[in-house]
Amino acid sequence: MKTFEIHGDTGSSVIRVGETLECLDKYIPPGNVVIITDINVKNFYEHKFPPHPVITIETGEKIKTLHSVEYICEELVALGADRSTFIIGIGGGIVCDITGFVASTYLRGLPFGFVSSTLLSQVDASVGGKNGVNFKGYKNMIGVFSQPQFVICDLNLLKTLQKKEVLCGLAEIVKHAAIGDADLFRYLEEQYQKALDLDMSVVGKLVYESIVIKSGIVNRDELEKGERRKLNFGHTFGHAIEKTTGVPHGEAVSAGMVIASALSVKRGFLPANDAERIKNLLRNLGLPTRIKGDRKMVLDALKKDKKRQGDRIYFVWLNEIGTAFVDRVPMGELEAVVEEHIDPL
Ligand SMILES: NC(=O)c1ccc[n+]([C@@H]2O[C@H](COP(=O)([O-])OP(=O)(O)OC[C@H]3O[C@@H](n4cnc5c(N)ncnc54)[C@H](O)[C@@H]3O)[C@@H](O)[C@H]2O)c1
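Remember, it's a predicted structure, so these values are computed and weren't measured experimentally.

Conventions used here
- Residues numbered from 1 in each chain as written.
- Predicted model: local features only at pLDDT ≥ 70, side-chain atom pairs only at ≥ 80, totals over all residues.
- Heavy atoms only, no water.
- Helix = DSSP H or I, 4+ residues; strand = E, 2+ residues; numbered from the N terminus.
- Rg over C-alpha atoms; globule rule 2.2 N^0.38 Å.
- Buried < 20%, exposed > 50% of the residue type's maximum accessible area, 1.4 Å probe, protein only.
- Contact = heavy atoms within 4.5 Å.
- Areas by Shrake-Rupley, 256 points an atom, 1.4 Å probe, with all protein chains shown as cover.
- Lys, Arg positive; Asp, Glu negative; His and termini not counted.
- Charge placed at Lys NZ, Arg CZ, Asp CG, Glu CD.
- Axes fitted to C-alpha atoms, helices over the stretch in contact; angles between N-to-C directions.
- Parallel < 35°, antiparallel > 145°, perpendicular 65-115°, else oblique.
- Left-handed = near helix turned anticlockwise from the far one by under 90°.
- Pairing = 2+ DSSP bridges.
- Near = heavy atom within 4 Å.
- Polar contact = N/O pair within 3.5 Å; in protein donor to acceptor, adjacent residues only side chain to side chain.
- Nonpolar A, V, L, I, M, F, W, Y, C, P; charged D, E, K, R; others polar.
- Disulfide = S-S within 2.5 Å.
- Phe/Tyr/Trp six-rings, centres within 6.5 Å; stacked < 30°, edge-to-face > 60°.
- Lys NZ or Arg CZ within 6 Å of the ring centre and 35° of its normal.
- Salt bridge = Lys/Arg side-chain N within 4 Å of Asp/Glu carboxyl O.

**Regarding the overall build of the chain**
When you go through the chain residue by residue, the secondary structure sums to 12 helices and 14 strands. For a compact globule of 345 residues, the expected C-alpha radius of gyration is about 20 Å, and the chain comes in at 20 Å, within 12% of that figure. By residue count, 55% of the 345 residues in the chain fall in the buried class. Contacts spanning at least 24 positions in sequence make up 70% of the contacts within the chain whose residues lie at least 6 apart. For the chain, the exposed surface amounts to about 14300 Å²; the carbon and sulfur share of it is 50%. Each charge class in the chain can be summarised by its mean position, and for the 42 positive and 44 negative side chains these summaries are 3 Å apart.

Next up, the structure:
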C-alpha cells in the first residue's frame, strides 16, 4: 500500500492506494457510522461492507441532484445521525461527490471518508476535496471544497467495472500525464494494452502516479485559483461535447484533449509531434479522437462554461507533453476550432 497526504485549508486527507475494502473498519473512528453507496456497488460488494447502516442511491449523472441530497438527509435523520456520526461513501465519482456534499453540509459538516470504486474516482474524483451536485442541467454547479479524512483506492474493485468505465478512468490518466509527467506518458505509450487488460501492476502504477500529479497540484492550489485549472485540460471542449452529444465523459474528454492539443500547436506552443503522440495514445486505448456533433450546440455550451469571463475563457495549453499552463482564450478562437474538429451530424 502507498499513502499520500493532502493538506489544505478545508482539511487534510490521507489517500491509501492498494488498501482494501475489507480493511475499511481500521480507519473509521469509534462512534456511529453511515455508509452511502449506489445500487450497483451494493450488489457487487455489500458482503464486504463493515456492519453499519447503508443508504443506497441509484446510478447515473441524472441522480447527482439536490433531490438525492434531500433523500439522503431524510435517511440520515431517520437513522438519528448526529454530529458524532462518520459518513462513508463507497462507490464511484457520483457517490463520492454526493456523499462529500451531504457530509459537508448536514449539521454544518460531519467527518467523512471514501472507498473509491472506479478507476476515474480513484485517479480523479475522490482526490482533491471537490464535492457537489448538478443543478438545472449544469454540472457540479452546487458544491463545496471539503477534504475526506481518507480515501481508500482498492484496486481489486476495478475488476468488476464495465469496459467503458475503465476507459473513462484511462482518459483522465492520459490527461494527468499530458499536463504533468512525460515519463508517465511514455509508460502509457508502452503499456497501454496491459492497462486495458487491467494488469494490476500496471494499473497500480498508473493510479499511484496519477494521484501524485493530482495531489501535488491540489496541495499547491486547493481552491482552484490558478494551477489547479490545469486539471481541466481537454475538459473545456470535453464538457461541451458531453453535454450536447451525450457521449460518455471519458470519450468527450478524449476528443477535447485532441482539440486542446491542436490549438496548442496552432498557437506555436506545442510541437506537432507531441500532439500526434497524444492522438495516437488515445486511439490505441480505443478512445475517440474526433466526435460528431451539432456545432452550434457545442458552441452554445462553451459560452455557458463556468470558466468563461466575458468574451474569454480559461483554457489549458500544452508546451510539451508533461508541461501545461493556463491562459485565457478569446471565444472567437474556440469557434474556429469547433468548425475544424467537430464533424457535422
Ligand atoms: N470531485 C471531483 O474532483 C471530480 C473529478 C472528476 C469527476 N468527478 C465526477 O465523477 C463522476 C463520474 O464518476 P465515475 O466515472 O466514477 O462514475 P459513476 O460513479 O457513475 O460510476 C460509474 C458506474 O460504475 C458503477 N460502479 C462503481 N464502482 C463499480 C465497481 N467496482 N464495479 C462495477 N461497477 C461499479 C457505478 O454504479 C456506475 O454505474 C461525475 O459526476 C464527475 O462530475 C468529480
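Read on, since the account is not over.
**So, the packing of helix α11 (residues 295-303) against helix α12 (residues 331-341)**
Two numbers describe a pair of packed helices, the interaxial angle and the distance between the axes. Viewed as axis vectors pointing N to C, α11 and α12 meet at an angle of 155°, and their least axial separation amounts to 10 Å. With respect to their mutual orientation, α11 and α12 come out roughly antiparallel. The element α11 and its partner α12 pack so that their crossing is right-handed. Where α11 approaches α12, its residues R295, V298, L299, L302 and K303 are matched on the opposing element by M331, L334, E335, V338 and E339.

**A closer look at the sheet that holds strand β13 (residues 323-330)**
In spatial order, the strands read β11-β12-β13; together these three strands make up an open sheet with antiparallel pairing. The sheet is open, and its two edges are formed by β11 (308-309) and β13, each paired on a single side. Examined bridge by bridge, strand β12 (residues 312-320) and β13 share eight bridges and lie antiparallel to one another. In the sheet register, Y314 faces β13, and the bridge partner there is R328.

**So, the site of the ligand**
In the vicinity of the ligand there are 25 residues, among which D38, G93, S117, T118 and T160 approach most closely. Measuring from a nitrogen atom of the ligand, one finds a side-chain N or O atom of S117 at 2.7 Å. A distance of 2.9 Å separates a nitrogen atom of the ligand from a polar backbone atom of K130. Expressed as a share of its isolated accessible area of 860 Å², the protein-covered part of the ligand is 88%. Among the elements of the structure, α1 (39-45), α3 (93-105), α4 (119-125) and β8 (138-145) are those that each provide at least two residues to the shell around the ligand. The element contributing the most residues to the shell around the ligand is α1, with four residues. Here the residues of the shell around the ligand are counted per class, giving eight nonpolar, eight polar and nine charged.

**Side note on the state of the cysteines**
Overall, the coordinates contain zero disulfides when judged by the stated rule. C96 carries a free sulfur, and the closest cysteine sulfur to it, the one in C153, is 8.9 Å from it. Given the relative accessible area of 0%, C96 is considered buried.

**Quick look at the packing of aromatic side chains**
This model, assessed by the stated rule, comprises nine aromatic pairs. Each ring, one from F269 and one from W317, has its centre 5.4 Å from the other, and the planes form 80°; the classification is edge-to-face. Here F269 is found in the loop between α9 (249-266) and α10 (272-284), whereas its partner W317 is found in strand β12, with 48 residues between them in sequence. We classify W317 as buried; its relative accessible area is 0%. The interplanar angle of 65° and the centroid separation of 5.0 Å between the aromatic rings of F315 and W317 together place this pair among those described as edge-to-face. The exposure classification of F315 matches that of W317, with both residues buried. Every member of this aromatic cluster is reached through a ring pair, and the members are F237, F269, F315, W317 and F325. Above the plane of the ring of Y208 lies K2, whose end atom (NZ or CZ) is 4.1 Å from the centre. Note that K205 overlies the ring of Y187, its terminal NZ or CZ placed 4.9 Å from the centroid.

**What to know about the sheet that holds strand β5 (residues 86-91)**
A sheet is described by the order of its strands in space; here seven strands give the open sequence β1-β2-β9-β6-β5-β3-β4, paired in mixed fashion. Of all strands in the sheet, those bounded by a partner on one side alone are β1 (2-8) and β4 (54-57). Geometrically, the sheet is characterised by an average inter-axis angle of 15° between neighbouring strands, direction not taken into account. Both strand β3 (residues 33-38) and β5 contribute to a ladder of five bridges, which runs parallel. Each residue of the ladder has a partner; that of V34, found in β5, is I87.

**Thoughts on the pattern of salt bridges**
Under the definition given, this model contains 19 salt bridges. R277 is paired through a salt bridge with E189; the nearest N and O atoms lie 2.7 Å apart. Here the residue R277 occupies a position in helix α10, and E189 occupies one in helix α6 (residues 182-196), the gap between them amounting to 88 residues. Across the pair D343 and R290 runs a salt bridge whose closest N-O atoms are separated by 2.8 Å. You can see D343 sitting in strand β14 (residues 342-343) and its partner R290 sitting in the loop between α10 and β10 (291-292), a full 53 residues away along the chain. Here D343 falls in the partly exposed class, since its relative accessible area comes to 25%. By relative accessible area, R290 is classed as partly exposed at 40%.

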